[in-house]
Structures are given as C-alpha cells and as structure tokens.
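Observations on the three-dimensional arrangement
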Amino acid sequence: MREDTAQVLETDPFAPMEEREEKERGVAGEEERGAESESPRQTTGPAGGIAPKENEGNRLGVKAEREEEEEAGMEEEEGGMKKEVEVEVEVKVEVKTEVGLSSGVIRGGDLFGYVGIEAVLDQMRRKTMKAGFEFNIMVVGQSGLGKSTLVNTLFKSKVSRKSCSPNYEEKISKTVKLQSVSHVIEEKGVKMKLTVIDTPGFGDQINNENCWEPIVKYVNEQYEKYLKEELHVNRKRRIPDTRVHCCIYFLPATGHWLRPIDVEFMKRLGKIVSIVPVIAKADTLTIEERLEFKQRIRQDLVANGIRVYPQKEYDEDAEDRILNDRIRESIPFAVVGTDKEHQVNGNKVLGRKTKWGIIEVENVAHCEFANLRDLLIR
C-alpha cells in the first residue's frame, strides 16, 4: 500500500502541496477502512478478556438527543435572526412612510442643533425697516368729489397736492396732465414713501372722449421704466418704484346706475392696475339709497366684465377666499372724508358736523371709510 502511495505521489511531482496532502489523507483513510473491515473492533475488559460490543441502541439514543439539541439550537438562532430581520423591515417601512407623508420636509425636532433659519425673518425685518416702503396711489374722479380730502383723511396728514400748494385756498388748474406729489411718512419707526397721483381734469371737459388715454399712458410708462431698470446687468441696488399700486375711482352719489364714462374708464384701467371704486360723499344718501346704489353698481360691474380689486386670482386658499368675498360684498365702499376733529363723549374723532349730529368718519355704522383703510394699508 505504501508503494502505491509513493507511485501516486511520484506520478504528479508538480502538484501543489495541498493536493498532495489530500491524496495522502485519502490513501491513509482507505488503509484504515480496509483494516477495520478485516478485523472487527474489540476492546479489552477489566479482567483482561474481550469486552462485549457497545450497546448500539444506547449510542443511537445519545446521537438522536444530540441531533435534537443541535436542531433546537439552530431553530432558536434562526428564530432570532428572523426577528431581527422583521424588526429591521418594520423600521425601514416606518421611515419610508414618514418620509412619504412629510414629502421631504425636515421638522424642527429632527435637527441635531440650532441652525438659525428663524433668523431670516429678523434679517428681512431689519432690511425692510432700513429701506422703508413705497406706496403709490392714484385718485381719479371729477372735481368736487373730495379726492384730496379723502387722501388726507386716509393718512391723517396733509399729503394731497392741494394741501401742499403755497396758498391752500388756491384752486388746482383742471388740466389733463397728471401730477404727483411724494411724502415720507413715519409712524412708530416705520417709514413709507407715499406718492399721490392726481388727475384734476378727468371728466370735466365738454367732450370727454378718450379722456382716459393720458392715464393709461402714464401707468404703462411706469411699468416700462421699472422693467428697463430690472433688465440691466449692473442694475441699481434699490430701483425706485414709480408704478401705480392702486387706483381709487370716485363715483358720484347719484343713486342711479354707472355712467358711460365710468364704465369705459374702469374697463380699460382694470386690465393694467388694481381699481377700488368708492362712492364719494356717501352722507348725502340714506341707508336704503346707499344699499340700493351699491347693488346696482355691482350688477353693472358684472354685466360689463369690469375687474376690480380683489380679483379671483388672489383666492389662493380658503382663508383668503373668505376674506376676499367679504371685501367684494362691500364694494363699492361708501366713504366720507374730512380733516376736522370734533369732541364726542370726551374723545376726539374725525367727523362732519350737521344739524342732526356728527357723522364719524371712522365709525363703521356711519360709513365704510374704516374698511377702505384696512384694505389699502392695514
């Protein structure tokens, strides 16, 4: 047998060491199996005689118990692994659902520390307070409807062109040319540059055909001027804003329908600027006449397709829609303007004194001036 082994090893001298060792082990195993088959296993007893063979049944029982224990251990290990896998799967699913629900939004509790995102509001506030605000308002209507008085009442100061003239009692010339006056108003540290654009000659001529053209031209020129500044590569850090932000259109308190000039003007201007119609000197109408007149005006606006502020495009969510619907129900605002103060129950109020009492301008029960001011400023 050893000679055979030597022959096997010699036939493959270039075989690697591991293969040689495996072949040697295989040959040695064959020799041992041959020896066991030739002579049965015998053991010596304590008395020097031959001991009987081991009980095969006992050996099988012990082997079976060991196999059961090993299988039980394997099952426990597999069960533990399965539990870990299930836990990992559950965690992964929960994370995925949370990410799906939050749509990529990281909440404040998920941040490891303070980042400083909330400081953006303070930065914007300081920057805005330093630069101030700009508000350009245009008043359009026939002379004698109280345009200058209403603007002075809105801002509680003499900001109209009439009150800024050297001689306050001097009448403004009724020309078609638009004129503007600017003021810097400050209230509790907040600055606002207010520009009032007046149209003194609107609707006062015998032939009022195309009397709105100078106004339309002026509004478009301001848009183009601002756009040109924005299109420059090296543009100014702060572009002066001369665009018309709001147009207050004064309607005479006739109690009838809209006049043709009112319809034509609001049709054209409603496409390029936000129009807020108001009923001037509303104290000349009774409460019933005022409600009926407002209803007629709203019907005329809808029938002629006139767009007034706020438009439907501003209804972004349910809260804005509710607020805008409330404003639309009040349009046109029945307003009263005055510069004079009176004593009412020991308090100073802006109002107009009549034989029957004082009409308080800021009292919602008397007129809708407060609603107009909230819409424009507050």
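As the structure is a computational prediction, the values presented were derived from the model and not from experiment. (Residues numbered from 1 in each chain as written. Predicted model: local features only at pLDDT ≥ 70, side-chain atom pairs only at ≥ 80, totals over all residues. Heavy atoms only, no water.)

**Observations concerning the overall build of the protein**
Along its length, the protein carries 11 helices and 11 strands. Split into buried and exposed, the 378 residues of the protein put 31% on the buried side. By element, 52% of the accessible surface of the protein is carried by carbon and sulfur atoms, the whole surface being about 27,100 Å². (Helix = DSSP H or I, 4+ residues; strand = E, 2+ residues; numbered from the N terminus. Buried < 20%, exposed > 50% of the residue type's maximum accessible area, 1.4 Å probe, protein only. Areas by Shrake-Rupley, 256 points an atom, 1.4 Å probe, with all protein chains shown as cover.)

**A short note on the packing of helix H5 (residues 147-155) against helix H11 (residues 369-376)**
Put simply, H5 and H11 touch, their axes get as near as 11 Å, and they point 70 degrees apart. If you check the angle between H5 and H11, you find them roughly perpendicular. Of the two possible hands of crossing, H5 and H11 adopt the one that is right-handed. For the pair H5 and H11, contact is made by Leu150, Thr153 and Leu154 and by Phe369, Leu372, Arg373 and Leu376, respectively. Looking at the contact of H5 with H11 residue by residue, the classes come out as 5 nonpolar, 1 polar and 1 charged. (Axes fitted to C-alpha atoms, helices over the stretch in contact; angles between N-to-C directions. Parallel < 35°, antiparallel > 145°, perpendicular 65-115°, else oblique. Left-handed = near helix turned anticlockwise from the far one by under 90°. Contact = heavy atoms within 4.5 Å. Nonpolar A, V, L, I, M, F, W, Y, C, P; charged D, E, K, R; others polar.)

**Considering a nonpolar patch on the surface**
Taken together, Leu111, Val115, Ile117, Val120 and Met124 make up a surface patch of nonpolar side chains, about 470 Å² in accessible area. Looking at the secondary structure, you find valine 115 in the loop between helix H3 (56-102) and helix H4 (119-131). (Patch = residues over 30% accessible without salt bridge, like charges linked within 9 Å, V, L, I, M, F, W, Y side chains within 5 Å. Salt bridge = Lys/Arg side-chain N within 4 Å of Asp/Glu carboxyl O.)

**Some words on the sheet that holds strand E10 (residues 347-354)**
As summarised here, the arrangement of the 3 strands in space is E9-E10-E11, forming an open sheet in which the pairing is antiparallel. Across the chains shown, the open sheet's two edge strands, defined by having one partner strand only, are strand E9 (341-344) and strand E11 (357-360). The average angle at which neighbouring strand axes cross in this sheet is 70 degrees, direction not considered. Bridge count for E10 against E11 is 4 bridges, and the pairing is antiparallel. Its bridge partner lying in E11, threonine 354 is registered against glycine 357. (Pairing = 2+ DSSP bridges.)

**Some details on the sheet that holds strand E7 (residues 275-279)**
Within the open sheet, the 6 strands sit side by side as E4-E5-E3-E6-E7-E8. Their pairing is mixed. Looking at which strands have only one partner, the edges of the open sheet turn out to be strand E4 (179-187) and strand E8 (333-334). Examined bridge by bridge, strand E3 (residues 133-140) and strand E6 (residues 246-251) share 4 bridges and lie parallel to one another. Bridging across to E6, methionine 138 finds its partner in cysteine 247. Contacts from helix H7 (residues 213-231) reach E3, E4 and strand E5 (190-198) within the one sheet, and its direction differs from that of E3 by about 170 degrees.

**Describing the layout of surface pockets**
For the second largest pocket, the calculated volume is near 520 Å³. Around the second largest pocket sit 14 residues that line it, and Phe155, Ile185, Glu187, Met192 and Ile377 are the ones nearest its centre. Listing elements by their share of the lining of the second largest pocket, those giving two or more residues are H5, E4 and E5. A class-by-class count of the residues in the lining of the second largest pocket yields 7 nonpolar, no polar and 7 charged. (1 Å grid on protein atoms, 1.4 Å probe; cavity = no way out; pocket = protein on both sides within 12 Å on 5 of 7 lines; lining within 4 Å. Points joined across faces, edges and corners; volume = space filled by probe spheres on them.)

**So, the confidence of the model for the protein**
Of the residues in the protein, 67% have a pLDDT of 70 or more, and the chain-wide mean is 75. Across the protein, the element-wise mean pLDDT spans from 44 in strand E1 (residues 43-44) up to 93 in E7. Per-residue pLDDT stays below 50 along residues 8-14; that stretch engages in 7 contacts with residues further than four places along the chain or on separate chains. Within the model, the stretch residues 38-54 combines pLDDT values under 50 with 11 contacts to residues more than four positions away or in other chains. (pLDDT = per-residue confidence, 0-100.)

**Concerning unusual backbone geometry**
Here the amide bond leading from tyrosine 309 into proline 310 is cis, since omega sits at 0 degrees, within 30 degrees of zero. Here proline 310 shows up in the loop between helix H9 (287-303) and helix H10 (318-330). Of the consecutive residues isoleucine 331 and proline 332, the connecting peptide bond is found in the cis state with omega at -5 degrees. For proline 332, the location among the structural elements is in the loop between H10 and E8. Phi is positive for lysine 281, which is not a glycine, with a value near 50 degrees. Tracing the backbone through its elements, the reader meets lysine 281 in the loop between E7 and H9. Look at lysine 281 and you get partly exposed, because its relative accessible area is 43%.

**Concerning the nonpolar core**
Of all hydrophobic cores here, the largest spans 63 residues; its most connected members are Met138, Ile248, Phe265 and Phe333. It is E6 that provides the largest number of residues to this core, a total of 6 residues. For phenylalanine 333, the contacting residues outside a window of four places in its chain are Val276, Pro277, Val278, Ile279, Ile327, Glu368, Asn371, Leu372 and Leu375. (Core = buried A, V, L, I, M, F, W, Y, C linked by side-chain atoms within 4.5 Å.)

**Observations regarding the packing of aromatic side chains**
Overall, the coordinates contain 3 aromatic pairs when judged by the stated rule. Their ring planes at 80 degrees and their centres at 6.1 Å tell us that phenylalanine 202 and tyrosine 249 sit as a pair that is edge-to-face. Of this pair, phenylalanine 202 sits in the loop between E5 and H7 while tyrosine 249 sits in strand E6, and the two are 47 residues apart along the sequence. Accessibility assignment for this pair places phenylalanine 202 and tyrosine 249 in one class, buried. An aromatic cluster is present here, built from Phe202, Tyr249 and Phe265 joined pairwise through their rings. (Phe/Tyr/Trp six-rings, centres within 6.5 Å; stacked < 30°, edge-to-face > 60°.)

**What about H4?**
An ideal rise of 1.5 Å per residue puts 18 Å on 13 residues; H4 measures up with 19 Å between its terminal C-alpha atoms. Backbone geometry just after H4 places glycine 132 at a positive phi near 85 degrees. (Expected span 1.5 Å × (residues − 1).)

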